[in-house]
Amino acid sequence: TDPLRLLAIRNIGAYSELNETYERLFERVFTHHPLEALAGIYGIWHEDPRFTEATALHFDCAIAVGDLAPPDGIEVLALAGGRHARLRHVGSYQTLHDSIDRLYAAILSREADEIGDQPLFVHYVDDPESRPEAEWRSDIYLPLAPG
């Protein structure tokens, strides 16, 4: 994959708060910049909410907007390019964990690949307000070690 430059807000706490964090991100960025600059919506997962206390979860709510300057309170995240395994998830975000588990299992079963040391990230391909939940597409990217 190519490197990504994203504008982001880190959510610390329950994943049920993510919609509010994305709303804050959109409000802050698109008060200063045109909405047409939006090139993608991303999430960077740092822990698994099934095994981590909700108060200890770190999740970066992020958007791709090219080289636009970040407004106050918004940070720039640089995701390294390179080798990634990708899995297309279709359906509710509530079942993303099952797809993430399948992706990890597939990579761990292959001797030729090793998981990299960067966090997993998700590209939310569809605006949830534009189509039914059963059709939401999300691309899960798992970084792989150079090889």
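Predicted model only: the values in this text are computed from it and were never measured.

1. Things to note about helix α2 (residues 96-108)
Here comes step 1: The terminal C-alpha atoms of α2 lie 18 Å apart, and with 13 residues this matches the ideal 18 Å at 1.5 Å per residue to within 8%.
Here comes step 2: Three or more residues of α2 are buried, namely Leu96, His97, Ser99, Ile100, Leu103 and Ile107. The arc that holds every buried residue of α2, seen down its axis, measures 160°, which confines them to one face.
Here comes step 3: In the core, the buried residues of α2 are packed alongside β2 (40-45), β5 (84-90), β6 (121-124) and β7 (137-143).

2. A word on the nonpolar core
Here comes step 1: One finds Tyr22, Leu25, Trp45, Phe59, Ile63 and Tyr124 to be the most contacted residues of the largest nonpolar core, which totals 27 residues.
Here comes step 2: At the level of secondary structure, the elements contributing two or more residues to this core comprise β1 (4-12), α1 (18-32), β2, β3 (58-64), α2, β6 and β7.
Here comes step 3: Ranked by residues supplied to this core, first place goes to α1 with five residues.
Here comes step 4: Once residues lying within four places of it in the same chain are set aside, the contact partners of Trp45 are Tyr15, His58, Phe59, Leu96, His97, Ile100, Pro119, Leu120, Val122 and Tyr124.
Here comes step 5: Counting 10 residues, the second-largest nonpolar core is a separate cluster that includes Tyr42, Ile44, Ala64 and Leu77.

3. Observations regarding the environment of Ile115
Here comes step 1: Mapped onto the elements, Ile115 comes out in the loop between α2 and β6.
Here comes step 2: Taking the C-alpha atoms as reference points, Ile115 and Pro146, 31 residues apart in sequence, are found 9.2 Å from one another.
Here comes step 3: Among residues more than four places away in sequence, those in contact with Ile115 are Tyr104, Ile107, Leu108, Leu142, Pro143, Leu144 and Ala145.

4. Some words on the pattern of salt bridges
Here comes step 1: Across all of its chains, the model carries 10 salt bridges by this definition.
Here comes step 2: Residue Arg131 is joined to Glu135 by a salt bridge in which the shortest nitrogen-to-oxygen separation is 3.6 Å.
Here comes step 3: Classification of Arg131 by relative accessible area gives partly exposed; the value is 28%.
Here comes step 4: Within this structure, Asp126, Arg131, Glu135 and Arg137 form a network of salt bridges that share partners.

5. What about the sheet that holds β1?
Here comes step 1: Reading across the sheet, the seven strands line up as β4-β1-β3-β2-β6-β7-β5 and stay open at both edges, with antiparallel pairing between neighbours. A single partner strand is all that each edge strand has here, and the edge strands are β4 (75-79) and β5. Across the sheet, the axes of successive neighbouring strands diverge by a mean angle of 30°, strand direction being ignored.
Here comes step 2: With seven bridges connecting them, β5 and β7 associate as antiparallel partners. When the bridges of β7 are listed, Arg88 appears paired with Asp139.
Here comes step 3: Each of β1, β2, β3 and β6 touches α1; the most contacted strand, β3, lies at about 35° to it.

Cut-offs applied
- Residues numbered from 1 in each chain as written.
- Predicted model: local features only at pLDDT ≥ 70, side-chain atom pairs only at ≥ 80, totals over all residues.
- Heavy atoms only, no water.
- Helix = DSSP H or I, 4+ residues; strand = E, 2+ residues; numbered from the N terminus.
- Expected span 1.5 Å × (residues − 1).
- Buried < 20%, exposed > 50% of the residue type's maximum accessible area, 1.4 Å probe, protein only.
- Arc of directions from axis to C-beta.
- Contact = heavy atoms within 4.5 Å.
- Core = buried A, V, L, I, M, F, W, Y, C linked by side-chain atoms within 4.5 Å.
- Salt bridge = Lys/Arg side-chain N within 4 Å of Asp/Glu carboxyl O.
- Pairing = 2+ DSSP bridges.
- Axes fitted to C-alpha atoms, helices over the stretch in contact; angles between N-to-C directions.

Spatial relationships are all this shows, so hold off on functional conclusions.
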